[in-house]
Amino acid sequence: MGTAQSFDIAIIGAGPGGYSTALRAAQLGKSVALIERDATLGGTCLNRGCIPSKALITATHTIDTVHRAAELGVNASVNGIDFGRLHDYRLHIVDTMTKGLAGLLAHRGVTVFHGEVTAISTPGAAGNADNAGTLRITGANGSPVEQFVRAGVAQPLESTVTISARNIVIATGSRPRPLPGIDFRGALIDSTQALELDEFPASAVIIGSGAIALEFASMWCTAGCTVTLLIRKDRVLSSWDRRAAVTLTRELKRHGVTILTHTNVTQVDTGANLGATVHYTRQVSDSEPAEQRTVWGEIALAAIGRDPITDDAWLTQSGIQFDNAGMVVTDPYGRTNLPGVWAIGDITEGPALAHRAFEQGIVAAETICGLTTRPVDDATVPQVVFSSPEAASVGLTLEQAQARDDLDSVSETVYPMLGNARMLMSGSAGSLSIVSGAYTSNPDVSVVLGVHIISPMASDLIAEAEQIVGNRVPLHDAARLIHPHPTFSETLGEALLKADGRPLNTR
């Protein structure tokens with residue numbers, strides 16, 4: 001059936017989870033095969049998600065800055081957007097990142113296969129010698145499988161290649177979730193299609209209240225698009241800290257996004273050059289009947305979540321255990337129910353975030369290599385929305401902490417963000433709250449349990465908060481850390497002082 005090669009570890013999927021596993025395992029001396037069916041490495045994050053979207057957001061932030069120029073005494077104006085150059089800028093960023101990844105993998109000695117897995121025989125299965133599993137890889141449409149030992153240098157193999165490995169790591173990622181009973185078609189698009197638009201739309205209806213929906217809402221609104229956001233609850237980010245979610249909802253409205261709450265989309269009409277008419281019901285309270293309404297946009301973006309890519313026949317027939325949502329069931333280290341088979345990233349239960357997948361990959365690689373590791377704690381995985389202003393959160397909300405049996409003396413501290421000079425200069429409102437309390441196992445020591453921020457640069461501020469929450473730093477010790485003045489980071493320092501009962505510039 002073609003050329004056979006043997007490896008210590010074979011990884012299916014070259015997104016953040018897959019390539020982090022490959023890099024760490026190779027660093028630890030293992031021979032590694034990384035299999036990717038897309039033309040480029042990096043998965044959704046590098047090619048169709050995190051990186052290209054942030055490139056566009058970075059560009060549109062410039063428009064926000066110019067709009068505030070007159071208030072600051074600077075005469076400047078936006079004369080339009082050169083979409084050709086903006087397109088080239090986005091592609092340049094993506095190309096630089098993907099080529100850099102390919103070079104790093106080659107430098108570490110990882111063998112990359114460009115092809116699609118079509119069959120799997122797991123380690124320990126009957127007939128597999130030395131407890132090694134096998135993978136069959138095929139080229140697209142009968143074309144040869146390509147092997148890359150050196151970055152960018154393809155070695156065509158046969159149309160079907162078989163490799164063996166003692167450990168197999170599955171990291172196939174996720175895809176945009178369609179609306180229930182309504183497929184993506186015409187002007188009803190997903191986030192991947194939204195990033196590929198030649199121009200920003202003049203008007204858009206966005207369905208969803210999570211990170212992807214809010215980032216596109218902010219970006220398009222800043223660029224002059226009329227944006228209507230349909231959400232199911234009374235606020236965006238409804239699973240987040242309530243104060244943060246309410247603040248961001250208010251700020252998005254202030255920036256010009258029309259937000260329609262308590263909605264349920266029932267139908268989307270699309271046609272050639274007709275845009276999208278979104279039919280929805282709106283019921284503000286149980287005592288009022290649901291109203292049937294419509295809203296029109298040049299496009300409609302459905303951003304209601306992502307589904308795991310676990311429906312390929314080779315995977316569904318492998319004997320791996322799935323939950324009701326199609327997620328692969330694993331232990332905290334990524335082990336599946338099949339010996340020698342691991343799963344990480346968006347196909348496992350938990351936040352579908354690239355940085356979580358990075359750490360899962362490192363944990364899996366180190367566990368396979370026999371190192372003592374600590375599993376990923378989803379409670380300390382930071383979440384970020386690159387909206388305007390940004391939203392960032394890590395740890396427990398007040399309600400979550402109060403519901404825990406292993407926590408006592410739970411409290412919330414709210415910091416008045418406009419007391420910070422840099423916040424005042426930014427022209428943005430925001431919020432910052434700290435949840436603190438003591439574990440029953442150590443009731444005399446209060447620690448920070450959660451931090452929730454709406455602010456410019458919240459995506460950077462949350463990194464310090466993650467360290468404090470994840471390492472259970474005593475609140476009194478965290479509050480003694482000095483933050484440079486004048487910076488946005490002082491907001492966290494001042495909030496910690498207030499939570500510790502020693503407020504400085506607040507009451």
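Computed from a prediction, not measured in an experiment: that's the story for all the values here. (Residues numbered from 1 in each chain as written. Predicted model: local features only at pLDDT ≥ 70, side-chain atom pairs only at ≥ 80, totals over all residues. Heavy atoms only, no water.)

## Considerations on the layout of surface pockets
Here comes step 1: Computed from the structure, the second largest pocket encloses a volume of approximately 790 Å³.
Here comes step 2: Lining the second largest pocket are 31 residues, and of these Asp377, Thr380, Val381, Glu466 and Gly470 lie nearest its centre.
Here comes step 3: Listed by contribution, the elements that provide at least two residues to the lining of the second largest pocket are helix H9 (354-368), strand S24 (446-455) and helix H12 (458-470).
Here comes step 4: It is H12 that contributes the most residues to the lining of the second largest pocket, seven residues altogether. (1 Å grid on protein atoms, 1.4 Å probe; cavity = no way out; pocket = protein on both sides within 12 Å on 5 of 7 lines; lining within 4 Å. Points joined across faces, edges and corners; volume = space filled by probe spheres on them. Helix = DSSP H or I, 4+ residues; strand = E, 2+ residues; numbered from the N terminus.)

## Some remarks on the nonpolar core
Here comes step 1: Ile206, Trp220, Leu229, Val236 and Leu237 are the most contacted members of the largest nonpolar core, which has 36 residues in total.
Here comes step 2: Of all the elements in the fold, those that place two or more residues in this core are helix H3 (50-67), helix H4 (83-108), helix H5 (191-195), strand S11 (203-207), helix H6 (211-222), strand S12 (226-230), helix H7 (242-254) and strand S17 (299-302).
Here comes step 3: Those residues in contact with leucine 229 that sit more than four places away from it in its chain are Ile206, Gly208, Ala213, Leu214, Val236, Val257, Thr258, Ile259 and Leu260.
Here comes step 4: Residues Ala392, Ile434, Leu492 and Ala495 belong to the second largest nonpolar core, which totals 26 residues. (Core = buried A, V, L, I, M, F, W, Y, C linked by side-chain atoms within 4.5 Å. Buried < 20%, exposed > 50% of the residue type's maximum accessible area, 1.4 Å probe, protein only. Contact = heavy atoms within 4.5 Å.)

## Observations concerning the environment of leucine 396
Here comes step 1: One can find leucine 396 in the loop between strand S21 (390-395) and helix H10 (398-402).
Here comes step 2: Residue leucine 396 is classed as buried on the basis of its relative accessible area of 11%.
Here comes step 3: Taking the C-alpha atoms as reference points, leucine 396 and isoleucine 454, separated by 58 residues in sequence, lie 16 Å from one another.
Here comes step 4: Setting aside anything within four residues of it in sequence, one finds leucine 396 in contact with Ala401, Arg404, Leu407, Val435, Leu449, Gly450 and His452.

## Side note on the packing of H12 against helix H14 (residues 490-499)
Here comes step 1: Closest axis-to-axis distance for the H12/H14 pair is 9 Å, and the angle between their directions is 35°. Along its contact with H12, which presents Leu461, Glu464, Ala465 and Ile468, the element H14 presents Thr491, Leu492 and Leu496.
Here comes step 2: For the contact of H12 with H14, the residue count by class is five nonpolar, one polar and one charged. (Axes fitted to C-alpha atoms, helices over the stretch in contact; angles between N-to-C directions. Nonpolar A, V, L, I, M, F, W, Y, C, P; charged D, E, K, R; others polar.)

## Considerations on the environment of threonine 487
Here comes step 1: With respect to the helices and strands, threonine 487 occurs in the loop between helix H13 (475-478) and H14.
Here comes step 2: Setting aside residues up to four positions removed in sequence, threonine 487 forms contacts with Asn420 and Arg422.
Here comes step 3: For threonine 487, the side chain forms a polar contact with the side chain of serine 489, separated by 2.7 Å. (Polar contact = N/O pair within 3.5 Å; in protein donor to acceptor, adjacent residues only side chain to side chain.)

## What about the side chain of serine 388?
Here comes step 1: With respect to the helices and strands, serine 388 occurs in the loop between strand S20 (383-385) and S21.
Here comes step 2: The class of serine 388 is buried, set by a relative accessible area of 11%.
Here comes step 3: Among the polar contacts listed, one links the side chain of serine 388 to the side chain of aspartate 64, at a separation of 3.3 Å.

## A look at the domain arrangement of the chain
Here comes step 1: Each assigned domain of the chain is listed here: domain 1 (5-47 + 91-173 + 309-378), domain 2 (177-304) and domain 3 (389-500).
Here comes step 2: Placing the centre of domain 2 and that of domain 3 at their C-alpha centroids yields a distance of 31 Å.
Here comes step 3: Contacts between the two partners involve eleven residues from domain 2 and, on the opposite side, 15 residues from domain 3.
Here comes step 4: Summing the contributions of domain 2 and of domain 3, the shared interface buries around 1100 Å²; its carbon and sulfur component is 63%.
Here comes step 5: Of all residues in domain 2, Trp240, Asp241 and Arg243 give up the largest surface area on contact with domain 3, accounting jointly for 46% of the area buried on that side. (Domains from an automatic or database assignment. Buried area = accessible area lost by both parts, 1.4 Å probe.)

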